[in-house]
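In case you want the letters, here they are:
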2 protein chains.
Amino acid sequence: MWSKNKLKFVRSLAQKKYRDAEGAFLAEGPKAVGELAARFNCRFLVATADYLSANPHIRAAEVDEVSLRELAQASCLTTPHDVLAVFDKPVAPAPFQLSTTRLSLVLDGVQDPGNLGTIIRLADWFGIPDVICSRDSADAFAPKVVQATMGALARVQVVYADLPALLKTVPRDFPVYGTFMEGDNIYAAPLSPNGLLVMGNEGNGISPEVGSLVNRRIHIPSFPLGRPTVESLNVAVATAVACAEFRRQTAAAPHTSL
Amino acid sequence: MWSKNKLKFVRSLAQKKYRDAEGAFLAEGPKAVGELAARFNCRFLVATADYLSANPHIRAAEVDEVSLRELAQASCLTTPHDVLAVFDKPVAPAPFQLSTTRLSLVLDGVQDPGNLGTIIRLADWFGIPDVICSRDSADAFAPKVVQATMGALARVQVVYADLPALLKTVPRDFPVYGTFMEGDNIYAAPLSPNGLLVMGNEGNGISPEVGSLVNRRIHIPSFPLGRPTVESLNVAVATAVACAEFRRQTAAAPHTSL
């Protein structure tokens, strides 16, 4: 059974101010909880008897057994899972050290939690360990974002930074890619295995200040070129197509020799 | 000002049974309404005075002027727009005639409205005019789906069909692609400019029955290969990466001669 205080605490984590004040975040579902438990310290786990007997290896400072109906009382989801857990939020190393040998993602004002979570998930798939967000982006530890990452937060580091200030510190010849309507065809532009890939806000794209610091403007062409179409792709979808193309070119798949 | 009946009618369109019974669907926002008005008959338009004076060209059988606060009473969105419209739902041509010269998308149980809308939007971007959904997929005319399509429903036809029955009617050598964990590397598999691309349910992928009718199993490789990662990509993201690769190969972009 829930203790009143614990239930209140879990519910409070839907709000950023409480996540920040408590240094904690909530994850729901066996997949997310299982993966995150391997990386983050688990303050407590609340689960059904069935989950607990099937998953004796998950380590947590405290474990409570509740019914599925009780789990629903704290869930942020429409369909509650049989487990939820509260983890310590990682404290970002200050100042953040940008990798110059790898590809990193930079998100300039991505607002939708589903989009941010989907982007963190695809960053994991495409082997991109760092996602750097502007301070006005959605919070990576909001329940809906954690849910959409499907456990990817266990392997992808998300940091928040002043993007213009950060971009001004990169070496002059360091590739900073960004997607723009008038950019070069991404399939024709040679892509490097390292660099930054900047993606913009859902409605407004990359802000002018950040855009002025992008030195390689790229574009995902519509098909066939010139046909009337939607104005743009969803930001998570565009990020995926771009990351896939970076990796295709880097991996030098067999067909490139055709 | 709203008439009580109209407000009730608009609100009822959040439910599929009323959309089906009335043969109507709701769209919100200037982008969606503007694009859809070019294709679908608009039963009525409800908008602010500012919208109406700025958009005199939008044709509708009836036009009502209301305040933004009144629009919020009928909105399915967190942030209401300055216009909404009710359109006639297209009646599907029966039976649906599959194109054998173009690429079409087949969705086997895509459940999330945001995913379905995003997929219809990217189908428009990548020049795919037909999206064929299994009957247990989300409804393309649900308000959240319409919203996520960003007007793409004006150019992309969505039909619902018995997928196994439909797939059994295609010629034996007609390419039916589907994404599977054990499929061939999509970058190494030559992709045809025509055919079907089957994408599966968010949690379970392609159903066994539909999967048995897929004759070209493909896979989007993670990077670097073999590293632990999330189990899969989000379905809209995977659809985008696959469609982009179909179009890249078809367009024979300059770099393929490198």
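Residues numbered from 1 in each chain as written. Chains lettered and ligands numbered in written order. Predicted model: local features only at pLDDT ≥ 70, side-chain atom pairs only at ≥ 80, totals over all residues. Heavy atoms only, no water.

Focus: the pairing of strand 8 (residues 176-185) of chain B
Residues and elements named next belong to chain B. In terms of strand pairing, strand 8 meets strand 9 (residues 195-200) through 3 bridges, oriented parallel. Each bridged residue has a counterpart across the sheet, and for tyrosine 177 the counterpart in strand 9 is leucine 197. Bridging between strand 8 and strand 10 (residues 216-219) involves 5 bridges; their strand directions are parallel. Residue pairing across strands places threonine 179 opposite isoleucine 218, the latter belonging to strand 10. (Pairing = 2+ DSSP bridges. Helix = DSSP H or I, 4+ residues; strand = E, 2+ residues; numbered from the N terminus.)

What to know about the pattern of salt bridges
Pairs can form between side chains of opposite charge whenever their charged atoms are close. Counted according to the given criterion, the structure contains 28 salt bridges over all chains. Here A:Arg227 makes a salt bridge to B:Asp124, at a shortest N to O gap of 3.5 Å. Taken as a pair, A:Arg227 in the loop between strand 10 (216-219) and helix 10 (235-251) and B:Asp124 in helix 6 (residues 113-125) lie in two separate chains rather than in one. Here A:Arg227 falls in the partly exposed class, since its relative accessible area comes to 26%. With a relative accessible area of 1%, B:Asp124 lands in the buried category. (Salt bridge = Lys/Arg side-chain N within 4 Å of Asp/Glu carboxyl O. Buried < 20%, exposed > 50% of the residue type's maximum accessible area, 1.4 Å probe, protein only.)

A look at the packing of helix 6 (residues 113-125) of chain A against helix 10 of chain A
All names here are of chain A. Relative orientation of the contacting elements helix 6 and helix 10 amounts to 15°, with a least axis distance of 9 Å. By the angle between their directions, the pair helix 6 and helix 10 is classed as roughly parallel. Considering the relative orientation of helix 6 and helix 10, their crossing is right-handed. Packed against helix 6, whose contacting residues are Asn115, Thr118, Ile119 and Leu122, the element helix 10 presents Val235, Ala236, Thr239, Ala240 and Cys243 at the interface. (Axes fitted to C-alpha atoms, helices over the stretch in contact; angles between N-to-C directions. Parallel < 35°, antiparallel > 145°, perpendicular 65-115°, else oblique. Left-handed = near helix turned anticlockwise from the far one by under 90°. Contact = heavy atoms within 4.5 Å.)

Points about the relation of the copies chain B and chain A
Screw-axis analysis of chain B against chain A gives a translation of 0.0 Å along the axis, an RMSD of 0.0 Å, and a rotation angle of 180°. Interpreted geometrically, this transformation is the action of a two-fold axis. Comparing interface residues between copies, 100% of those in chain B also lie at the interface in chain A; the contact surface is shared. (Least-squares fit on C-alpha atoms with pLDDT ≥ 70 in both.)

Observations concerning the state of the cysteines
All names here are of chain B. Counting across every chain of the model gives 0 disulfides over all chains. With no disulfide of its own, cysteine 42 lies closest to cysteine 76 among cysteine sulfurs, the gap being 16 Å. Note on cysteine 42: relative accessible area 3%, which makes it buried. (Disulfide = S-S within 2.5 Å.)

Quick look at the interface of chain B and chain A
Each partner contributes residues to the interface: chain B has 43 residues there, and chain A has 43 residues. Summing the contributions of chain B and of chain A, the shared interface buries around 3700 Å²; its carbon and sulfur component is 65%. Between the two partners, chain B and chain A, sit 4 salt bridges. Along the contact surface separating chain B from chain A lie 22 residue pairs in polar contact (both at pLDDT 80 or more). Breaking the side of chain B that touches chain A down by element, the ones donating at least two residues are helix 6 and helix 10 (235-251) of chain B. Taken together, the residues that form the side of chain B that touches chain A break down as 23 nonpolar, 11 polar and 9 charged. (Buried area = accessible area lost by both parts, 1.4 Å probe. Polar contact = N/O pair within 3.5 Å; in protein donor to acceptor, adjacent residues only side chain to side chain. Nonpolar A, V, L, I, M, F, W, Y, C, P; charged D, E, K, R; others polar.)

Section: the nonpolar core
In this structure, A:Leu36, A:Phe126, A:Leu197, B:Leu36, B:Phe126 and B:Leu197 are the most contacted members of the largest nonpolar core, which totals 121 residues. Aside from chain neighbours lying at most four places away, what touches A:Leu197 is A:Leu103, A:Ser104, A:Leu105, A:Val106, A:Tyr177, A:Ile218, A:Ala242, A:Cys243 and A:Phe246. (Core = buried A, V, L, I, M, F, W, Y, C linked by side-chain atoms within 4.5 Å.)

Quick look at the sheet that holds strand 7 (residues 157-161) of chain B
Residue and element names in this part refer to chain B. The strand order across the open sheet built from 6 strands is 7-6-5-9-8-10, with neighbouring strands paired in parallel fashion. Every other strand in the sheet has two partners, leaving strand 7 and strand 10 as the edge strands with one partner each. Looking at each pair of strands side by side, their axes are set apart by 35° on average, direction ignored. In the sheet, strand 5 (residues 103-108) pairs with strand 9 via 6 bridges, with the strands oriented parallel. Note that in strand 9 the partner of leucine 103 across the bridge is glycine 195. Where helix 6 meets the sheet, its contacts fall on strand 5, strand 6 (130-134) and strand 7, and the angle it forms with strand 5 comes to roughly 175°.

A word on helix 10 of chain B
Since the α-helix packs 3.6 residues into each turn, any two residues three or four apart lie on the same face. Residues and elements named next belong to chain B. Its 17 residues give helix 10 an end-to-end C-alpha distance of 24 Å, which sits within 8% of 24 Å, the value for a rise of 1.5 Å per residue. With 14 of 17 residues buried, helix 10 is to be regarded as a mostly interior element. The N-cap residue of helix 10 is asparagine 234: its side-chain oxygen and the backbone nitrogen of alanine 236 are 2.8 Å apart. (Expected span 1.5 Å × (residues − 1).)

Digging into the packing of aromatic side chains
Aromatic ring pairs are reported here in terms of the distance separating the ring centres and the angle at which the planes meet. As enumerated under the stated definition, the model contains 10 aromatic pairs over all chains in all. Ring geometry for B:Phe9 and B:Phe44: centres 6.1 Å apart, planes at 50°, overall tilted. Residue B:Phe9 is found in helix 1 (residues 4-12), and its partner B:Phe44 is found in strand 2 (residues 42-47); the two are separated by 35 residues along the sequence. Ring geometry for B:Phe25 against B:Phe40: centres 5.4 Å apart, planes inclined by 90°, an arrangement best described as edge-to-face. Of this pair, B:Phe25 sits in strand 1 (residues 24-28) while B:Phe40 sits in the loop between helix 3 (30-36) and strand 2, placing them 15 residues apart in sequence. Across this residue pair, the class does not change: B:Phe25 and B:Phe40 are buried. Taken together, the aromatic side chains of A:Phe25, A:Phe40, A:Phe87 and A:Phe141 make up a single cluster linked through ring pairs. Over the ring of B:Phe180 we find B:Arg217, and its NZ or CZ is 3.7 Å from the ring centre. (Phe/Tyr/Trp six-rings, centres within 6.5 Å; stacked < 30°, edge-to-face > 60°. Lys NZ or Arg CZ within 6 Å of the ring centre and 35° of its normal.)

Considerations on the confidence of the model for chain A
All names here are of chain A. When pLDDT is averaged along chain A, the result is 92, and 96% of the positions lie at 70 or above. Note on residues 253-258: pLDDT under 50 across the span, and 11 contacts to partners over four residues away in sequence or across chains. At the level of chain-chain contacts, confidence expressed as ipTM amounts to 0.93, with global pTM at 0.94. (pLDDT = per-residue confidence, 0-100.)

Digging into the sheet that holds strand 10 of chain A
Strands pair in a sheet through their backbones, by hydrogen bonds, and they do so in one of two ways: parallel or antiparallel. Residues and elements named next belong to chain A. Pairing in this open sheet of 6 strands is parallel, and the strands run 7-6-5-9-8-10 from one edge to the other. The sheet terminates laterally at strand 7 (157-161) and strand 10, the two strands that pair on one side only. For this sheet the average axis-to-axis angle between neighbouring strands, irrespective of direction, equals 35°.

Section: unusual backbone geometry
Residues and elements named next belong to chain A. Proline 224 follows phenylalanine 223 through a cis peptide bond whose omega is -15°. With a phi angle near 55°, methionine 150 is a residue other than glycine that sits in the positive phi range. With respect to the helices, strands and loops of the structure, methionine 150 is situated in the loop between helix 7 (143-149) and strand 7.

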